[in-house]
Amino acid sequence: MITALRGMKDLLPPQNRKFVYFLENASAIARKYGFEFIETPILEETALFKRSVGESSDIVGKEMYQFIDKGGHDVCLRPEGTAGVVRAFIEKKYDRQGGIHRFFYHGPMFRYERPQKGRLRQFHQFGVESFGIASPFEDANIILMLKEILDFFGIDYTLKLNSLGCSTCMPPYRERLMTFLEGVEKELCEDCQRRKETNPIRVFDCKNEACRILLEPAPRLGANLCEVCDTHFNTLRDLLEKEDVSYEIDPNLVRGLDYYNKTAFEFVSGDLGAQNAVAGGGRYDKLVSFLGGRETPAVGFAIGVERLMEMIEVPETKREGYYFGALNEDALTPLFLAATKQRRSDKVTMGYEVKSLKAHLKAADKAGARYCAVIGENELATGKIWVKDLEAKTETTREL
Ligand code: HAM
């Protein structure tokens, strides 16, 4: 028997209802904040992710589903959504138009990680990207939107915030960090020794306890921000406080993707286990120009849909619409026509097999229908249809 690949899951009942419930409500909230739906391809040129997510990241270094297609192109299943959206943004010349562009998207992402609870190889993200606003008001706006989405689903979370600085304050800070790391290099784990060479701030992402202890006295970017970044971060914090959004400053929050500057954030939940990030995002003001577009400030986030689904309950759905059933062969065609007519205003499913009334009532119940409508000998003779309201437990006969 052929089974699904490791780390890849089918979306079947009853989880499918949770998925749709999440997407519908998250999309409605995103629209309320002025975001519109877009879709970009799942397959992109590998170079796009190498340049944006970064060669030094685990995602690009170890986790890409990369292959050469039949035309000899080096392509990759997208590991995340931002790079494709930025590519589309530039390709459509929105960067040259200027102004504000806000998009949301959802779909499958692929990372060849070791599967475990909360970590899949194919998972879904619901993401938003806002282009054209450099102000921290937009950072606050999207954090509020994300909070509204999580609150809607009754999720318990902590918001973690950090600032990753900019091209003014990051290089001198990196020098200071390098000097510190050189002093402890021999004691760092192999991964951190590699990180030191490729992207030193990533050492703060290390899960190794020994490294964490070693890094405690390391200089932190938060205390080395330039005035512009410091003001940006303080304005964001002030707005969040005025909106009663509680947060924790986490100097270890460096994010696993290279494109961020200034604001970085994650919503983590104690209900998730080791993979506790339900959503993450931040500002990426240089990515559009880095990928060849005109410099455009941008900020966004993505929610891990499977992780979020672990924590939500779908409200009991009410019985809805009709189930149509035939009690004899002659009733099938008039019933089919009646079902089509009824579908103009209601949800309708029909059983094509002739069954007893009892069997049809059972099928209607299973289908979650509010009404069970049947045609038998009597109804055929009188041109009527018998309808039972499964909620009110009442019965009527109507004209066909
Ligand atoms: P990310 O933090 O890599 O950010 O992913 C966002 C979310 O996707 C995570 O918080 C997590 O819930 C979920 N996720 C990641 N990997 C897996 C996995 N293997 N299995 C299940 N869920 C997973 C990004 O991808 C950025 N593009 C977010 C962003 C948008 N930043 C700016 N705009």
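Above: the structure in question.
Basis of the calculations
Residues numbered from 1 in each chain as written. Predicted model: local features only at pLDDT ≥ 70, side-chain atom pairs only at ≥ 80, totals over all residues. Heavy atoms only, no water. Near = heavy atom within 4 Å. Polar contact = N/O pair within 3.5 Å; in protein donor to acceptor, adjacent residues only side chain to side chain. Areas by Shrake-Rupley, 256 points an atom, 1.4 Å probe, with all protein chains shown as cover. Helix = DSSP H or I, 4+ residues; strand = E, 2+ residues; numbered from the N terminus. Nonpolar A, V, L, I, M, F, W, Y, C, P; charged D, E, K, R; others polar. Buried < 20%, exposed > 50% of the residue type's maximum accessible area, 1.4 Å probe, protein only. Arc of directions from axis to C-beta. Disulfide = S-S within 2.5 Å. Contact = heavy atoms within 4.5 Å. Phe/Tyr/Trp six-rings, centres within 6.5 Å; stacked < 30°, edge-to-face > 60°. Pairing = 2+ DSSP bridges.

Trainee: Sorry, what's going on with the site of the ligand here?
Mentor: In the vicinity of the ligand lie 26 residues, with E80, T82, E113, E129 and Y260 positioned nearest. One of the side-chain nitrogen or oxygen atoms of T82 is found 2.8 Å away from a nitrogen atom of the ligand. Residue Y260 places a side-chain N or O atom 2.6 Å away from a nitrogen atom belonging to the ligand. When the free accessible area of the ligand is taken as 660 Å², the share hidden by the protein chains comes to 96%. Secondary-structure elements contributing two or more residues to the shell around the ligand are β6 (122–131), β10 (277–283) and β11 (298–304). Looking at the shell around the ligand, its residues break down into 11 nonpolar, eight polar and seven charged.

Trainee: Sorry, what's going on with helix α14 (residues 357–366) here?
Mentor: Every buried residue belonging to α14 is among H360, A363 and A364, and all of these are buried. Buried residues of α14 fall within an arc of 100° about the axis and therefore sit on the same side. Counted as exposed and oriented over 90 degrees from the buried face of α14: K358, K362 and K366. Trailing α14 by a residue or two, G368 shows a phi angle of about 75°, which is positive.

Trainee: What am I meant to see in the state of the cysteines here?
Mentor: Cysteine pairs can be linked by a disulfide, which is a covalent bond between their two sulfur atoms. Applying the stated criterion across every chain, the model contains zero disulfides. Summary of cysteine pairing: C206 is not part of a disulfide, and the nearest cysteine sulfur, belonging to C192, is at 3.6 Å. Among the residues examined, C206 registers a relative accessible area of 5% and is labelled buried. Take C229: it sits in no disulfide, and the sulfur closest to it among the cysteines is that of C166, at 3.5 Å. Using a relative accessible area of 1% as the deciding quantity, one classes C229 as buried.

Trainee: Explain the environment of G321 to me, please; I cannot follow it from the model alone.
Mentor: Here G321 is to be found in the loop between α12 (305–309) and β12 (322–326). Under the relative-accessibility criterion, G321 is labelled buried at 11%. Sequence separation of G321 and A367 is 46 residues, and the distance between their C-alpha atoms is 9.6 Å. What G321 contacts, discounting residues up to four positions off in sequence, is K347, A369, R370 and Y371.

Trainee: How do you make sense of helix α8 (residues 190–198) when you look at a structure like this?
Mentor: Of all the residues in α8, the buried ones are C192, R195 and K196. Here the buried residues of α8 occupy an arc of 105° about the axis, which is enough to place them on one side. Relative to its buried face, α8 has exposed residues pointing more than 90 degrees away, namely E190 and E197. Here the buried face of α8 lies against α3 (58–62), α7 (170–184) and α9 (209–215).

Trainee: What is the right way to read the packing of aromatic side chains from this model?
Mentor: Geometrically, a pair of aromatic rings is defined through the distance of the ring centres and the angle of the planes. Under the defined criterion, the tally for this structure stands at 20 aromatic pairs. Ring centres 5.5 Å apart and planes at 70° place the aromatic pair Y65 and Y112 in the edge-to-face group. Taken together, the residues Y65 in strand β3 (residues 65–68) and Y112 in the loop between β5 (101–110) and β6 connect sequence positions 47 residues apart. Y65 gets classed as buried once you look at its relative accessible area, which sits at 19%. With centroids separated by 4.8 Å and ring planes inclined at 25°, the aromatic side chains of Y322 and Y371 adopt a geometry described as stacked. Of this pair, Y322 sits in strand β12 while Y371 is found in strand β14 (residues 371–375), placing the two residues 49 residues apart along the sequence.

Trainee: Before we go on, may I ask you to explain the sheet that holds β5 in this structure?
Mentor: Strand pairing within a sheet occurs via backbone hydrogen bonds; the two strands may be parallel or antiparallel. The strand order across the open sheet formed by eight strands is β1-β5-β6-β11-β10-β9-β7-β8, and the pairing between neighbours is mixed. A strand with exactly one partner marks an edge of an open sheet, and here the two such strands are β1 (36–37) and β8 (248–249). The pairing of β1 with β5 spans two bridges and is classified as parallel. Considered in β5, the bridge of E36 is made with F103.

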